Amino acid sequence: MNDIKLGNPLPLGSSITSKGVNFSLIATNAEYIEILVFEKEDSVAPKAIFKLDQNHKTGPYWHAEINDLKEGSIYAFRIKQKVNEPNKDYSKTVLIDPCSRGITGWSKYSRKNALNNFDNMDSCLKSVVCDRKVFNFKNFPRPKHSWEETIIYELHIKAFTQSSNEDESCFKKFLKKIPYLKELGITSIELLPVFCFDPNDAPNGLENFWGYSPINWFTPHFQYLSNKSAEQNREEFRKFVEECHKENIEVILDVVYNHTSEGDSGGPAISWKGIDENLYYFIDKDKNYQDVTGCGNTIAANRGLVRKLIIESLKCWANEFGVDGFRFDLGIALSRGEDLVPLDNPPIFEDIECEPELADIKLISEPWDCGGLYKLNNFPSKKTFTWNGHFRDDLRRFWRGDKDSAWNMSDKIKGSPSHYKENISFPKSINFITSHDGFTLKDLVSFNKKHNFANKEQNRDGDNHNNSWNHGVEGPTSNLFIKKLRKRQQKNFLLSLLISKGVPMILMGDEIGRSQGGNNNSWCQNNSLGWMNWDESQQDLELLTYLKYLIKIRKKFIKFFNPISPQNRKDIDNLVNYYWHGAKLESPDWSSWSHTIAFSMNKGKNNPLIWAGLNAYTKSIDFHLPESKSKWLKVVDTNESGTIMPIPLEHKSITVENRSSVLIISEEVFGTKNIIF
């Protein structure tokens, strides 16, 4: 017979003690709490129930220590509220621990049975007691790439590995793909959500594939792992991070703290809602859930107890799993206060920045939410880099040939000073052309409109404003002229991305011409439409070789692409800065009808090291080149195909073909004209 003792309020969740397991749960409106202990994951009734009364409460924390439980023990909660809202009673609903390190019961789980006033004992999810093992940083230290050298590759772990036929988990199959990423040259991977989520949280009988539907902030998603046990799942994820660190690759997680899978007031009670919905969610005076996430609810991250849970989750992934950074989905939503009023100094970001265990973690965020809040240059966190949607849009407009796009294009190349502070050496900008949310790069140049009918929402979902261009034919074509132009445009986009100041992010599969058939919202497409294509016969290997080459150039000459101002005026001769040109030197054309840009990076005023010409016009343009102290080498011309290698230039001008780009670099910088990458 298990004995129950008072236990301790910390740490939150379940933790192994010398005699058993300590449980701690935040619940401000509970009259009493029941801890249900199960024999097996598919048990339809608990083998023991432990009732916690007011003696087991310290402030908002309910706690107890139960002897003779151990790692792997399966448990859940039921909670009787002091005050029930009208027509709401969650006292029969079995709830998982918000701090679960393991979750089980998926074989019998029913989302609809977790609705209000329903006894779901025979179809509930359950929590698992797990050891809180700390990541082995001694043998697998964080790569800690500087922001200047960081190149991010965004991927979905299942989509990236699904085409493989091996009967292994996603994370195990991923280990075989690490050499591919190393050869590509990226420094960091950014994973779409791996928090445990509900695949059933989707309309029309679809599957929630992307995972922006969390049911827990501490547990890796079961469908990506071997599932021999919750403890082995955690070890498997740690092994994945260890192998990435061994290869000097950072692991960044796309994290969802702005909403949960519990939806609005009519949604299921899986965890937070049944425990303390008025604490965790914004609910108005009429008892309606307030929402700026588009998912039915919004987490009240302004409240201290909610912030504590978020911080504990971040520390779990950083210290127990060893991840290197976080990208906050709709991150600015976390800055909302009561009644969803934006806060100038939201406490959640101050808490994160003050946490010593998160001091060396990379932080990235979307600067917008679905309520219209958008803070790019004034994001309320000094450490956080932001997704630069203006970069994406302005590059797309320029290469589509839009009016009034040349000046905006130049602004993005030099680090978006119109949006970020101009006096900093490196902007907190995540530059991207494509991401999971929208067209792939190939679809961007192949479709004028979205084609999302496979999502079963009559093509109403997904963004209508894509700034895309099909170049004459909608979708696939056999027209060789259009195919060549589309290829050139993809190369133009990638070069523009990698010569721009800021942190470049590349979408999974863009390097090999992956298409989603014009679907720009593939959140529910767990099929070939949403998967990486590993069949080389269907890959654009020329584009892959080209991107590898560009990344090597960026890495070798990053100090020139991202110049740093001198420390004092005596260093003025060593200042590397932008000089803007047109067809003629120092005569840039910022007019409405301009479709060309040229710039050089000069050391001092008279020593150009790099020159780039971008021509989005329908005709070729002859550009005058600045005089270099050593010979110019043409290293990129997107109009050319086949072998890539530096070519010495003898002339004082260069022709950039229509809708093409050229990059030339001084031989002085290379050190030799025969450099081989």
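The written sequence of each chain sets the order in which its residues are numbered from 1. Residue-level local features of this predicted model are given only where pLDDT is at least 70; pairs of side-chain atoms are given and counted only at 80 or more, and the full residue set underlies all totals for whole chains, interfaces and linings. Values shown for side chains rest on all heavy atoms present in the structure; no hydrogens or waters enter the calculation.

Peer 1: It is not clear to me how unusual backbone geometry should be interpreted in this structure. Could you clarify?
Peer 2: Residues apart from glycine generally show negative phi values, whereas peptide bonds are mostly found in trans. Omega for the bond connecting Leu10 with Pro11 falls within 30 degrees of zero, at 0°, which places this linkage in the cis form. Within the fold, Pro11 resides in the loop between strand 1 (4-5) and strand 2 (13-16). Phi at Asp404 takes a positive value of approximately 55°, unusual for a residue other than glycine. Overall, Asp404 belongs to the exposed group, its relative accessible area being 52%. Positive phi is not limited to glycine here, since Glu586 has a value of about 55°. One can find Glu586 in the loop between strand 19 (576-581) and strand 20 (596-603). Relative accessible area decides the class of each residue, using a 1.4 Å probe on protein chains only: under 20% of the type maximum gives buried, over 50% gives exposed, and in between gives partly exposed. On the accessibility criterion, Glu586 (53% relative accessible area) is exposed. Where helices and strands are cited, they refer to DSSP runs of H or I of at least four residues and of E of at least two residues respectively, numbered from the N terminus.

Peer 1: So what exactly am I meant to see when it comes to helix 7 (residues 347-354) here?
Peer 2: In an α-helix, one turn spans 3.6 residues, which is why side chains three or four residues apart end up on the same side. What helix 7 keeps buried is the set Ile348, Phe349 and Ile352. One side of helix 7 carries all its buried residues, which in axial view fall inside an arc of 95°. The arc under discussion is defined with respect to the helix axis, by the directions toward the C-beta atoms.

Peer 1: Even after reading the chapter, I still don't get empty space enclosed by the protein, so can you show me in this structure?
Peer 2: A cavity here means a set of 1 Å grid points, computed over protein atoms only, where a 1.4 Å probe fits but cannot escape. A pocket is an open set with protein on both sides within 12 Å along at least 5 of 7 lines, and lining residues have an atom within 4 Å of a point. Grid points are joined across faces, edges and corners, and a volume is the space filled by probe spheres set on the points. A full pass over the atoms with the stated rule returns six cavities of 30 Å³ or more. Counted as a void, the largest cavity has a volume near 120 Å³. In terms of lining residues, the largest cavity is bounded by 17 residues, among which Trp210, His436, Met508, Arg514 and Gln516 are the most central. Asp, Glu, Lys and Arg are counted as charged, while Ala, Val, Leu, Ile, Met, Phe, Trp, Tyr, Cys and Pro are counted as nonpolar; the rest, among them Gly, fall into the polar class. Of the residues in the lining of the largest cavity, the class split is seven nonpolar, eight polar and two charged. If you add up the space inside the second largest cavity, you get close to 100 Å³. Lining the second largest cavity are eleven residues, and of these Asn29, Gln81, Val83, Glu277 and Asn278 lie nearest its centre. When residues in the lining of the second largest cavity are grouped by element, the largest group, four residues, is from helix 5 (residues 272-280).

Peer 1: Help me understand helix 11 (residues 480-498) in this model?
Peer 2: Between the first and last C-alpha of helix 11 there are 27 Å, a value that for 19 residues agrees with the 27 Å anticipated at 1.5 Å per step. The buried count for helix 11 comes to 15 of 19 residues, which makes it a mostly enclosed element. Here helix 11 starts with a cap whose side-chain oxygen sits 3.0 Å from the backbone nitrogen of Phe481, and that cap is Asn479. One less than the residue count of a helix, multiplied by 1.5 Å, gives the span that helix is expected to have. Pairing of N or O atoms within 3.5 Å defines a polar contact, subject to two protein rules: one partner must be a possible hydrogen donor and the other a possible acceptor, and residues neighboring in sequence count only if both atoms are side-chain atoms.

Peer 1: What exactly am I supposed to notice about the layout of surface pockets here?
Peer 2: A probe as big as a water molecule, rolled over the atoms, marks out the empty space that is left. Here the largest pocket is characterised by a volume of approximately 1300 Å³. In terms of lining, the largest pocket is formed by 47 residues, of which the most central are Trp210, Thr293, Cys370, Asp437 and Asn521.

Peer 1: In this structure, what is going on with the sheet that holds strand 15 (residues 362-365)? I would like to understand it.
Peer 2: Hydrogen bonds along the backbone pair up the strands of a sheet, which may run parallel or antiparallel. Strands are treated as partners if at least two bridges between them are detected by DSSP. In spatial order, the strands read 11-12-13-14-15-16-17-18; together these eight strands close into a barrel with parallel pairing. Recorded for the sheet is a direction-independent mean angle of 25° between the axes of neighbouring strands. The sheet contact formed by strand 17 (residues 429-432) and strand 18 (residues 503-507) spans three bridges and is parallel. Opposite Phe432, over in strand 18, you have Met505 as the bridge partner. Simply put, an axis is a line fit to the C-alpha atoms, just over the touching stretch for a helix, and the angle between two N-to-C directions goes from 0 to 180 degrees.

Peer 1: Just checking my understanding: could you explain the environment of Lys487 for this structure?
Peer 2: Following the sequence through the fold, Lys487 ends up in helix 11. Here, two residues are considered to be in contact whenever any of their heavy atoms come within 4.5 Å of each other. Beyond its immediate stretch of four places on either side in the chain, Lys487 contacts Asp540, Glu542 and Leu543.

Peer 1: Sorry, what's going on with the pairing of strand 23 (residues 632-637) here?
Peer 2: In summary, the side chains of a regular strand alternate between the two faces of the sheet. Counted residue by residue, strand 23 has six buried out of six residues, so it is predominantly covered. Strand direction decides the pairing type here: strand 23 and strand 24 (residues 647-649), joined by three bridges, are antiparallel. Counterpart to Leu633 in the pairing with strand 24 is Pro648. The pairing of strand 23 with strand 26 (residues 660-666) spans five bridges and is classified as antiparallel. In the strand pairing of strand 26, Val636 is matched with Leu663.

Peer 1: For this particular structure, what's the right way to read the nonpolar core?
Peer 2: What tends to happen in soluble globular proteins is that the nonpolar side chains get buried as a cluster. Of all hydrophobic cores here, the largest spans 127 residues; its most connected members are Tyr153, Ile189 and Phe326. Each nonpolar core is a collection of buried residues, namely Ala, Val, Leu, Ile, Met, Phe, Trp, Tyr and Cys, held together in the definition by side-chain atoms within 4.5 Å. Ala27, Val37, Tyr75 and Val129 belong to the second largest nonpolar core, which has 23 residues in total.

Peer 1: I tried to follow the side chain of Glu262 on my own but got confused; where do I start?
Peer 2: Checked against the element boundaries, Glu262 lands in the loop between strand 13 (250-255) and helix 5. We score Asp and Glu as negative and Lys and Arg as positive, and we do not count His or the chain ends. Here, a salt bridge means any side-chain nitrogen of Lys or Arg that lies within 4 Å of a carboxyl oxygen of Asp or Glu. Summary of buried charges: Glu262 has no salt-bridge partner, and the nearest side chain of opposite charge, Lys273, is 5.9 Å away. Here Lys273 takes part through its backbone nitrogen, which lies 2.8 Å from a polar atom of the side chain of Glu262. At a separation of 2.4 Å, a polar atom in the side chain of Glu262 contacts the side chain of Tyr281. Once residues lying within four places of it in the same chain are set aside, the contact partners of Glu262 are Gly267, Pro268, Ala269, Ile270, Ser271, Trp272, Lys273, Gly274, Tyr281 and Asn297.

Peer 1: How should the packing of aromatic side chains be read in this particular structure?
Peer 2: The way to describe two aromatic rings as a pair is by their centre distance and the angle between their planes. For Phe, Tyr and Trp, rings pair up if their centres lie within 6.5 Å, where Trp contributes its six-membered ring, and each pair is then called stacked (planes under 30 degrees apart), edge-to-face (over 60) or tilted (otherwise). On inspection of all chains with the given rule, the structure shows 37 aromatic pairs. Each ring is checked for a lysine NZ or an arginine CZ that lies within 6 Å of its centre and within 35 degrees of its normal; such an atom marks a charge sitting over the ring. The ring centre of Phe38 lies 5.1 Å from the NZ or CZ of Lys126, which sits over that ring. The ring centre of Trp147 lies 5.2 Å from the NZ or CZ of Lys362, which sits over that ring.

Peer 1: Quick question: what am I supposed to make of the sheet that holds strand 24 here?
Peer 2: Judged by pairing direction, the sheet is antiparallel, and its six strands sit side by side in the order 19-20-21-26-23-24 without closing on themselves. Edge strands, defined here as strands with exactly one partner in the open sheet, are strand 19 and strand 24. Averaged over all neighbouring strand pairs, the angle between strand axes comes to 25°, with direction disregarded. Contacts from helix 12 (residues 541-556) reach strand 23 and strand 26 within the one sheet, and its direction differs from that of strand 23 by about 140°.

Peer 1: Explain the pairing of strand 26 to me, please; I cannot follow it from the model alone.
Peer 2: For strand 26, a buried count of seven out of seven residues is recorded, marking the element as mostly surrounded by other parts of the structure. In strand 26, alternate side chains face the same way, and those of Ser660, Val662, Ile664 and Ser666 on one face and Ser661, Leu663 and Ile665 on the other are all buried. Here strand 21 (residues 608-615) runs beside strand 26; their pairing, made up of six bridges, is antiparallel. Across the sheet, the residue bridging to Trp611 is Ile664, located in strand 26.

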